[in-house]
Amino acid sequence: MGFSTKAIHAGIEPDPSTGSIMTPIHLTSTYVQEELGKNKGYEYSRVSNPTRAVLEKNIAALENGAAGLAFASGMAAETAIFHLLASGDHVILSRNVYGGTYRLGKLVLNNFQLDFEFVDTTDIDNVKNAIKPNTKMVFIETPTNPTMEITDLSAVARLCKQNKFISVVDNTFATPYAQNPLDFGIDIVVHSATKYINGHSDMLGGLVVLNDSALTERLRFIQKSTGGVMSPFDAWQCLRGIKTLAVRMDRHHTNAMEVALWLSKQRRIKKVNYPGLITHPQHRLAQKQMRGFGGMISFDLGSLDRAKTFLKSVRLCALAESLGGVETLISHPATMTHASVPPEDRKAIGVTDGLVRISVGIEDVVDIIDDLKQALAKV
Ligand SMILES: *Cc1c(COP(=O)(O)O)cnc(C)c1O
């Protein structure tokens, strides 16, 4: 089955009691049991809920995995994943993961004696060199937020298999339409469904997909024990969004490519980061492991002042955190998504004060470029 067909049909059956083609929203906390020990597969909605279960099956199919789990947000999903670890464990992460992942590791989970180490995972030797006797997990993001660095999925999967580490990929930027980490031997894929998967900037959600049954069982146990589950309404919203994921991503890809090409021709812009440009240092690798280069671009205007003027001047592009919605969003990583990262660390990972990030929407691309053009003229 092709991706678009799976997006619309996988795990989705007409409701047996009414024939309703759309999955009902099962707003219930509990389920009546026929007799002691006999139920219809549901006991309590924190453990499982029929609407959430449909989404979990659907995302598993899209990521070519055996099982899916839905959480209240991307961070709730990541929190559950890190609960696979125990006090004293060491985790190696991509140096410019999502700011919230950095914050969770460095400012929350460090209190539980978990050691989070951030390295440049674009070079597998850096990951190898960071290995300690207590290393248990490698967590990467590719493309990374916000500088669009690419990490070699096969190389990470191989290294983790050799050393019995759990490998995790945050696939939020690429989406399952453009990249399936499990196909490369990665153990766990995590998404902020808040972004492209739902795609309409109107809910929060996190999704996890895996193949290994022991790991799945453990994570389901953690999910019901910690309780950060996705609500039935959000699961329904997310299922609705996924039906158009393929067509939205096609447009995000073509629009982003045009915007990146236009940006790279502007004298006032120092640097454009987009994996689809042949000038991107890992364009080849992106081509190898992705189908399309995503809708995210970042570019450097050279200083905080210039970035400020630019961001104040955009009209169509909305100045906001988040990404992956149908509308174009523009943001300033150094003061917004990466504010928790200390200035010297920000500098090291390329999050300069002049860096602007754009989540290219699915509007008419001429309108997006016209807006960027008039804002750039004011810089
Ligand atoms: C937004 C985001 C997250 C966190 O997801 P929430 O749904 O906001 O909790 C994690 N990783 C990436 C790459 C993100 O963009």
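None of these values were measured; they are calculated from a predicted model.

A. Highlighting the packing of aromatic side chains. Scanning the entire structure with this criterion turns up seven aromatic pairs. For the pair F82 and F116, a centre-to-centre distance of 5.0 Å together with 85° between the ring planes defines the contact as edge-to-face. Here F116 lies in strand 3 (residues 115–119) and F82 lies in helix 3 (residues 74–82), a separation of 34 residues in the sequence. Given the relative accessible area of 2%, F82 is considered buried. An angle of 35° between the planes, with centres 5.4 Å apart, marks the rings of F82 and F139 as tilted.

B. Fine view of the domain arrangement of the chain. Domain parsing of the chain yields domain 1 (3–242) and domain 2 (245–376). Summarising the inter-unit geometry, the C-alpha centres of domain 1 and domain 2 are found 25 Å apart. Facing 39 residues of domain 1, the contacting portion of domain 2 comprises 42 residues. Across the domain 1/domain 2 interface, buried area totals approximately 3,400 Å², and carbon plus sulfur atoms make up 58% of it. Put simply, domain 1 and domain 2 have zero salt bridges between them.

C. Expanded view of a nonpolar patch on the surface. Together, L107, V108 and F112 line one region of the surface with nonpolar side chains, adding up to about 290 Å² of accessible area. If you trace the backbone, L107 turns up in helix 4 (residues 99–108). Given a relative accessible area of 52%, L107 falls into the exposed group.

So, how was this worked out
- Residues numbered from 1 in each chain as written.
- Predicted model: local features only at pLDDT ≥ 70, side-chain atom pairs only at ≥ 80, totals over all residues.
- Heavy atoms only, no water.
- Phe/Tyr/Trp six-rings, centres within 6.5 Å; stacked < 30°, edge-to-face > 60°.
- Helix = DSSP H or I, 4+ residues; strand = E, 2+ residues; numbered from the N terminus.
- Buried < 20%, exposed > 50% of the residue type's maximum accessible area, 1.4 Å probe, protein only.
- Domains from an automatic or database assignment.
- Contact = heavy atoms within 4.5 Å.
- Buried area = accessible area lost by both parts, 1.4 Å probe.
- Salt bridge = Lys/Arg side-chain N within 4 Å of Asp/Glu carboxyl O.
- Patch = residues over 30% accessible without salt bridge, like charges linked within 9 Å, V, L, I, M, F, W, Y side chains within 5 Å.
- Areas by Shrake-Rupley, 256 points an atom, 1.4 Å probe, with all protein chains shown as cover.

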